[in-house]
Amino acid sequence: MSNENISQSPARQIEECIRSKWIGCFVALAAVVLSLVQAIVYGFVSPQDRSAGAIVFSVLAVVSFSGLSLFKKTSPLAPVALMVFDFLALLFFANKIVDYFSTEFFGEMSVAKFFGQKFAYWFSTLSFIITTLISFVAMYLPQNRELKVNNAGGESNEVKEV
């Protein structure tokens, strides 16, 4: 770490980190948006089929990713936190919704019957699974990039993934 980074204000560090975001951050942002939407939509599921833990962990995924993404030192941990909280949300969701699906699909399961359910049920099921998968992929992608500077003081075209 250079002395220049230590002497920078937190606002300057956040601005620099936001400007250097790379593909992993944008993939994770898709999971963050879907996590927020799934927490809202899942709230419309019947109380007997709803788990408060799933909503709490979805919101924690959004908050933790947002907070950890602000600084370069913590941004590599942001998708890890996102994936862990999304996975926990999926587990809480599955634990509660399994009773609903076992009675609803007793005898046979079909795509038409699945999408024939109330919107909140089928959307929540798909979004919890997709969010966990997207956050898992984002965990392995680089979060930030850094431009290399030539000795002459000009920026080169090389991009280094951090």
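Preceding this paragraph is the structure being described.
Asker: Just checking my understanding: could you explain the overall build of the chain for this structure?
Answerer: Regarding its fold elements, the chain presents 7 helices and 2 strands. Its helices and strands taken in sequence order, the chain reads α-α-α-α-α-α-α-β-β from the N to the C terminus. When the 162 residues of the chain are sorted by exposure, 35% land in the buried category. Entry remark: accessible area of the chain is about 9500 Å², with carbon and sulfur atoms responsible for 67%.

Asker: What exactly am I supposed to notice about helix 7 (residues 119-139) here?
Answerer: Between its first and last C-alpha, helix 7 extends 29 Å over 21 residues, near the 30 Å set by a 1.5 Å rise per residue. Ala120, Tyr121, Phe123, Ser124, Thr125, Ser127, Phe128, Thr131, Thr132, Ser135 and Ala138 are the residues of helix 7 that are buried.

Asker: What is the right way to read helix 5 (residues 78-104) from this model?
Answerer: For the α-helix, the turn length of 3.6 residues means that residues three or four positions removed from each other point alike. The first and last C-alpha atoms of helix 5 sit 37 Å apart over 27 residues, in line with the 39 Å expected at 1.5 Å per residue. At Ile97, helix 5 shows its maximal bend, which comes to roughly 40°. For helix 5, every residue scored as buried is listed here: Ala78, Pro79, Ala81, Leu82, Met83, Asp86, Ala89, Leu90, Phe93, Ile97, Tyr100 and Phe101. Contacts from the buried residues of helix 5 go to helix 3 (23-42), helix 4 (52-68), helix 6 (111-115) and helix 7.

Asker: What is the right way to look at the packing of helix 4 against helix 5 in this model?
Answerer: What describes two packed helices is the angle between their axes and the distance between those same axes. Running from N to C, helix 4 and helix 5 point in directions that differ by 175°, and their axes come no closer than 8 Å. Accordingly, the angle class assigned to the pair helix 4 and helix 5 is roughly antiparallel. Facing Gly53, Ala54, Phe57, Ser58, Leu60, Ala61, Ser64, Phe65 and Leu68 of helix 4, the residues of helix 5 in contact are Ala78, Pro79, Ala81, Leu82, Phe85, Asp86, Leu88, Ala89, Phe92 and Phe93. For the contact of helix 4 with helix 5, the class distribution of residues is 15 nonpolar, 3 polar and 1 charged.

Asker: Even after reading the chapter, I still don't get the environment of Ser75, so can you show me in this structure?
Answerer: Looking at the secondary structure, you find Ser75 in the loop between helix 4 and helix 5. You can call Ser75 buried: its relative accessible area is 0%. C-alpha of Ser75 to C-alpha of Phe65: the two residues are 10 residues apart in sequence and 8.2 Å apart in space.

Asker: Can you help me understand the environment of Ala39 in this one?
Answerer: With respect to the helices, strands and loops of the structure, Ala39 is situated in helix 3. Placed 20 residues apart in sequence, Ala39 and Val59 show a C-alpha to C-alpha distance of 7.0 Å. With residues near it in sequence (within four places) discarded, Ala39 still touches Ile55, Ser58 and Val59.

Asker: Can you walk me through the side chain of Ser35 in this structure?
Answerer: Looking at the element boundaries, Ser35 is found in helix 3. Judged by its relative accessible area of 0%, Ser35 falls in the buried class. A polar atom in the side chain of Ser35 sits 2.6 Å from the side chain of Asp86. Excluding residues within four positions of it along the chain, Ser35 makes contact with Ser58, Ala61, Val62, Asp86 and Thr131.

Asker: Just to check I follow, could you spell out the nonpolar core for this structure?
Answerer: Residues Tyr42, Phe93, Ile97, Phe101 and Phe128 are the most contacted members of the largest nonpolar core, which totals 18 residues. Within the residue set of this core, elements represented by two or more residues are helix 3, helix 4, helix 5 and helix 7. When residues of this core are assigned to their parent elements, the largest contribution, 6 residues, is made by helix 5. Leave out the neighbours within four places in its chain, and Ile97 touches Asp49 and Tyr121. Judged by nonpolar contacts, the second largest core, of 10 residues, contains Ala28, Ala31, Ala61 and Leu82.

Each value, and the rule that gives it
Residues numbered from 1 in each chain as written. Predicted model: local features only at pLDDT ≥ 70, side-chain atom pairs only at ≥ 80, totals over all residues. Heavy atoms only, no water. Helix = DSSP H or I, 4+ residues; strand = E, 2+ residues; numbered from the N terminus. Buried < 20%, exposed > 50% of the residue type's maximum accessible area, 1.4 Å probe, protein only. Areas by Shrake-Rupley, 256 points an atom, 1.4 Å probe, with all protein chains shown as cover. Expected span 1.5 Å × (residues − 1). Bend = angle between axes of the 7 residues up to and from the residue. Contact = heavy atoms within 4.5 Å. Axes fitted to C-alpha atoms, helices over the stretch in contact; angles between N-to-C directions. Parallel < 35°, antiparallel > 145°, perpendicular 65-115°, else oblique. Nonpolar A, V, L, I, M, F, W, Y, C, P; charged D, E, K, R; others polar. Polar contact = N/O pair within 3.5 Å; in protein donor to acceptor, adjacent residues only side chain to side chain. Core = buried A, V, L, I, M, F, W, Y, C linked by side-chain atoms within 4.5 Å.

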